[in-house]
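# Observations on the three-dimensional arrangement
Okay, here's what each chain looks like letter by letter:
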Amino acid sequence: MAPAPAAGTAASRSVAADLPPLRLGGRAASVREILATGVEVVPVAGAGDSGTVPVDALVLTNLANGRWLSGFSGSAMVVVLTADDLLVITDGRYATQAPAELLAAGVDGRVVIANRGSEQQEAAAGAVAGLGRIALEAEHVSWSRRSRLAAEWFAGAELVPSTGVIEGLRRRKSPEEVARVAAAATAADDALAEVLPRLDERPTEGEVAAELDYLMRRRGASGSAFDTIVAAGENSALPHARPGPRRIEPGDLVVIDFGAIVDGYRSDMTRTVCVGEPRTPGDRIYEVVRASQQAGVEAVAGGVSCAEVDAVCREIISEAGWGEAFLHSTGHGVGLDIHEAPSLSGRSDEVLAAGEVVTVEPGVYLAGSGGVRIEDTVVVTDEGCRRLTCSPKTLIVA
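Predicted model only: the values in this text are computed from it and were never measured. (Residues numbered from 1 in each chain as written. Predicted model: local features only at pLDDT ≥ 70, side-chain atom pairs only at ≥ 80, totals over all residues. Heavy atoms only, no water.)

## Quick word on the sheet that holds strand β14 (residues 269-274)
Basically, it comes down to this: The pairing criterion is simple: DSSP has to find at least two bridges between the two strands. Secondary structure follows DSSP: runs of H or I at least 4 residues long count as helices, runs of E at least 2 residues long count as strands, and numbering of each begins at the N terminus. For helices, the fitted axis covers only the stretch in contact; all axes are lines through C-alpha atoms, and the angles between them, taken along N-to-C directions, range from 0 to 180 degrees.
As summarised here, the arrangement of the three strands in space is β10-β11-β14, forming an open sheet in which the pairing is antiparallel. The sheet is open, and its two edges are formed by β10 (229-232) and β14, each paired on a single side. Averaged over neighbouring strand pairs, the angle between their axes works out to 10° when direction is ignored. When strand β11 (residues 253-258) meets β14, the two strands line up antiparallel, connected through six bridges. Residue pairing for β14: Leu253 is matched across the bridge by Cys274.

## Structural notes on the environment of Leu81
Worth spelling out the cut-off: For this analysis, residues touch if any pair of their heavy atoms sits within 4.5 Å.
Mapped onto the fold, Leu81 is located in strand β4 (residues 78-82). When sequence neighbours within four positions are dropped, the list of residues in contact with Leu81 reads Ala28, Val31, Arg32, Leu35, Asp56, Ala57, Leu58, Leu69 and Leu86.

## Focus on helix α9 (residues 282-299)
Put simply, the rule is: In this analysis, the expected span of each helix is defined as 1.5 Å times one less than the number of residues it contains. For every residue, the accessible area obtained with a 1.4 Å probe (protein chains only) is divided by the maximum for its type, and the residue is called buried under 20%, exposed over 50%, and partly exposed between those limits.
Over its 18 residues, α9 runs 26 Å from end to end, which matches the ideal 26 Å to within 8%, given 1.5 Å per residue. Those residues of α9 that fall on the buried side of the exposure criterion are Gly282, Ile285, Tyr286, Val288, Val289, Ser292, Gln293, Ala295, Gly296, Val297 and Ala299.

## Section: the confidence of the model for the chain
Rules: pLDDT is a residue-level measure of predictor confidence that goes from 0 to 100.
Confidence along the chain averages 95 in pLDDT terms, with 95% of residues attaining 70 or more. For residues 6-10, every residue scores under 50 in pLDDT, and the model assigns this stretch five contacts once sequence neighbours within four places are set aside.

## Observations concerning the sheet that holds strand β9 (residues 223-224)
Reading across the sheet, the three strands line up as β9-β12-β13 and stay open at both edges, with antiparallel pairing between neighbours. The sheet is open, and its two borders are formed by β9 and β13 (265-266), each paired with just one other strand. By the bridge criterion, two bridges tie β9 to strand β12 (residues 260-262) in an arrangement that is antiparallel. Across the sheet, the residue bridging to Ser224 is Ala260, located in β12.

Here it is as structure tokens:
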């Protein structure tokens, strides 16, 4: 591929330069209210309570949930929240970073630096001393770790497997969070605009993926939101194909699925393109998926069920005769993780709400021939939605 523009051009200006401050001071109060009212407990045989029970403390081991609550972005943390304390336990690599990030986020909490497991155990045990019922994150704590926490860290306390405490609050994004997803989307939009004109040079899938990842970083992203997908020709029929040495040839359908990370928040976008006229039935598949995706975006609004959005997309593809080739759900939430609640699926009983950020990404995949997927990240409003990924949806690029 031709070299990217030199640093200092318009494309090199950072999309993160003017982001509004992200203040998290009120989040602990919202979580404490849930703890006092009752957390949802996963029903596990022999584990005691199920349903909803009040707890005295919540222990977070999932990094995204810990970051959402505390503002700390490190790769190692345990967060303990009680009625009057928010404690972040991490190691010496973050002795300066962790307190600074809590302060910048407006979080009233304390940081303990503990390099040994025994020191971490002592800090956590001290934070919950005298408390009776402690909630762990059921989806993020292995059975062995739960056993160790019960025997060593929180001996004598009742541990309950909670679910969805932080994830439920993370669904609706603040305007500042949406601004970060939008900045990540802009980084991806700009990267794609630079790459597409060079597809007629017959680059490999891997070269295109590497170029996109590089260009997003040049625009201010801290990294790629997930492993970038570039799938050409017969590979485009694989929904999660890995980019490899196959060269992009005229007539190939090329599925490009990628996103950026800006200040922890992610974007997600797919475009399907072709150098020259696509081979039959590529153009027809594209028209159907394009209509399905547009209808799905138009169906998104606060108060609409996730299953309804999925049904709108699926109906158009099924009427075209390719219903069995739509191999996945229509979309998912996006934020600190690339896959969050809610799920836009026919099996979902969730309802969209204003402030949620979701994808709409129907696709058709014909084994041995090729596939098409088109995806946007949108923010839900009461009246509909607003697209955050704005790259044109044009099939033929050269």
